Amino acid sequence: MHATIEFLPVIVTNVPDTEDQAPLLVDPAAARIVRADQITAGDTVLASFPNWGQKGMVRADYFNDQYEAHPMPYDPTCGCGSCATMADHDGPVVNLGDTNPWDVCDPWAAGDLALIVPAAA
């Protein structure tokens, strides 16, 4: 039996504690870095890594409000205003749902990294 291990050259910064950030509602000790296409219903999304794939060390960019993912099919023509931004993306796109603080769909490139707390944690 062989296991595949993927090493991700990223830095997960300290939990944000500025007045611009909402306090974390989950235990950050359970946080994991996953690809967007690995996020499942109920996972709490804490941060993205906006310069993933670029040269140099990648740092976590915490969201002002963490949210629970509820993946749904990606439809670039849904009319929410957010899905259309990924219509020209070269590669698969996933939609983490529309039950977030912004009340629009949340499309991500499938291979982008996210910091999450799994629902099972």
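Residues numbered from 1 in each chain as written. Predicted model: local features only at pLDDT ≥ 70, side-chain atom pairs only at ≥ 80, totals over all residues. Heavy atoms only, no water.

Turning our attention to the overall build of the protein. Helices and strands together make up the secondary structure of the protein, namely 0 helices and 8 strands. Order of helices (α) and strands (β) in the protein, N terminus to C terminus: β-β-β-β-β-β-β-β. Residue burial in the protein is summarised as follows: out of 121 residues, 36% are buried. Counting only carbon and sulfur atoms, one obtains 52% of the accessible surface of the protein, whose full area is about 7500 Å². (Helix = DSSP H or I, 4+ residues; strand = E, 2+ residues; numbered from the N terminus. Buried < 20%, exposed > 50% of the residue type's maximum accessible area, 1.4 Å probe, protein only. Areas by Shrake-Rupley, 256 points an atom, 1.4 Å probe, with all protein chains shown as cover.)

Per the stated rule, a full pass over the model turns up 1 salt bridge. Here Arg35 makes a salt bridge to Asp37, at a shortest N to O gap of 2.7 Å. With a relative accessible area of 38%, Asp37 lands in the partly exposed category. (Salt bridge = Lys/Arg side-chain N within 4 Å of Asp/Glu carboxyl O.)

Here is a general trend for soluble globular proteins: nonpolar side chains tend to be buried in one another's company. Counting 13 residues, the largest nonpolar core has Ile39, Val45, Tyr67, Val94, Leu96, Trp108 and Ile116 as its most contacted members. Of all the secondary structure elements, the ones that give two or more residues to this core are strand E5 (61-68) and strand E8 (113-117). Those residues in contact with Tyr67, other than ones at most four positions away along the chain, are Asp43, Thr44, Val45, Leu96, Asn100, Pro101, Trp102, Asp106 and Trp108. (Core = buried A, V, L, I, M, F, W, Y, C linked by side-chain atoms within 4.5 Å. Contact = heavy atoms within 4.5 Å.)

What follows covers unusual backbone geometry. Its identity as a non-glycine residue notwithstanding, Asp103 has a phi of 55 degrees, on the positive side. Considering the arrangement of structural elements, one finds Asp103 in the loop between strand E6 (93-95) and strand E7 (107-109).

Taken as a whole, this structure holds 0 disulfides when the rule is applied. Cysteine Cys78 shares no disulfide, and the gap to the nearest cysteine sulfur, in Cys80, comes to 3.5 Å. Exposure remark for Cys78: the relative accessible area of 36% places this residue in the partly exposed category. A disulfide-free cysteine, Cys83 has its sulfur positioned 3.7 Å from the sulfur of Cys78, the nearest such atom. For Cys83, a relative accessible area of 1% translates into the label buried. (Disulfide = S-S within 2.5 Å.)

Time to look at the confidence of the model for the protein. Summarising the model, the protein shows a mean pLDDT of 81, and 69% of its residues fall at 70 or more. Put simply, strand E1 (residues 10-11) is where the protein has its lowest mean pLDDT, 51, and E6 is where it has its highest, 97. (pLDDT = per-residue confidence, 0-100.)

The subject of this paragraph is the side chain of Ser82. Its location among the elements puts Ser82 in the loop between E5 and E6. The class of Ser82 is buried, set by a relative accessible area of 17%. Discounting chain neighbours no more than four positions away, the residues touching Ser82 are Val104, Cys105 and Pro107.

Attention now moves to the layout of surface pockets. As a volume, the largest pocket reaches approximately 220 Å³. Together, 11 residues line the largest pocket, and Ser48, Pro50, Pro107, Trp108 and Asp112 are the ones closest to its centre. Across the lining of the largest pocket, the residue classes break down as 8 nonpolar, 1 polar and 2 charged. (1 Å grid on protein atoms, 1.4 Å probe; cavity = no way out; pocket = protein on both sides within 12 Å on 5 of 7 lines; lining within 4 Å. Points joined across faces, edges and corners; volume = space filled by probe spheres on them. Nonpolar A, V, L, I, M, F, W, Y, C, P; charged D, E, K, R; others polar.)

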